[in-house]
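Here is what each chain is made of, one letter per residue.
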Amino acid sequence: MRERLQRAIEGKGAFHRFRDPVHREGLAEPWYAFCADRRLGRAREFLADNGIRVG
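Rules used in this analysis
Residues numbered from 1 in each chain as written. Predicted model: local features only at pLDDT ≥ 70, side-chain atom pairs only at ≥ 80, totals over all residues. Heavy atoms only, no water. Helix = DSSP H or I, 4+ residues; strand = E, 2+ residues; numbered from the N terminus. Rg over C-alpha atoms; globule rule 2.2 N^0.38 Å. Areas by Shrake-Rupley, 256 points an atom, 1.4 Å probe, with all protein chains shown as cover. Lys, Arg positive; Asp, Glu negative; His and termini not counted. Charge placed at Lys NZ, Arg CZ, Asp CG, Glu CD. Salt bridge = Lys/Arg side-chain N within 4 Å of Asp/Glu carboxyl O. Buried < 20%, exposed > 50% of the residue type's maximum accessible area, 1.4 Å probe, protein only. 1 Å grid on protein atoms, 1.4 Å probe; cavity = no way out; pocket = protein on both sides within 12 Å on 5 of 7 lines; lining within 4 Å. Points joined across faces, edges and corners; volume = space filled by probe spheres on them. Nonpolar A, V, L, I, M, F, W, Y, C, P; charged D, E, K, R; others polar.

Asker: Before we move on, can you summarise the overall build of the protein with the specific residues and values?
Answerer: Looking only at helices and strands, the protein features 3 helices and 0 strands. Its C-alpha radius of gyration of 15 Å places the protein more than 25% over the 10 Å reference for a compact globule of 55 residues. Of the accessible surface of the protein, which amounts to about 4900 Å², a share of 55% is contributed by carbon and sulfur atoms. Distance between charge centres in the protein, computed from 12 positive and 8 negative side chains, equals 3 Å.

What follows is the structure, encoded as structure tokens:
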């Protein structure tokens, strides 16, 4: 699975090729939870870098 996903993210059309096996293998829910967590972390980092403290 790891090798298939690594190949999928190379070149044009990578998002589509990655999304298909993630859904097919039943990994969509944990993948989207991971993405949301990463977005939140990047937003907090951005705010902290700009002197804005968040709880």
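Following the structure, the description resumes.
Asker: Please give an account of the pattern of salt bridges that cites residues and values.
Answerer: What the rule picks out here adds up to 1 salt bridge. The partner of arginine 4 in a salt bridge is glutamate 25, with the nearest N and O atoms 3.4 Å apart. Of the two residues, arginine 4 is situated in helix α1 (residues 2–8) and glutamate 25 in the loop between α2 (14–24) and α3 (28–49); the sequence distance between them amounts to 21 residues. Residue classification places glutamate 25 among the partly exposed positions, given a relative accessible area of 40%.

Asker: Quick one: what's the story with the layout of surface pockets, residue by residue and with numbers?
Answerer: Counted as a void, the largest pocket has a volume near 210 Å³. Top contributing element to the lining of the largest pocket by residue count: α2, with 5 residues. The residue inventory of the lining of the largest pocket, partitioned by class, reads 8 nonpolar, no polar and 1 charged.

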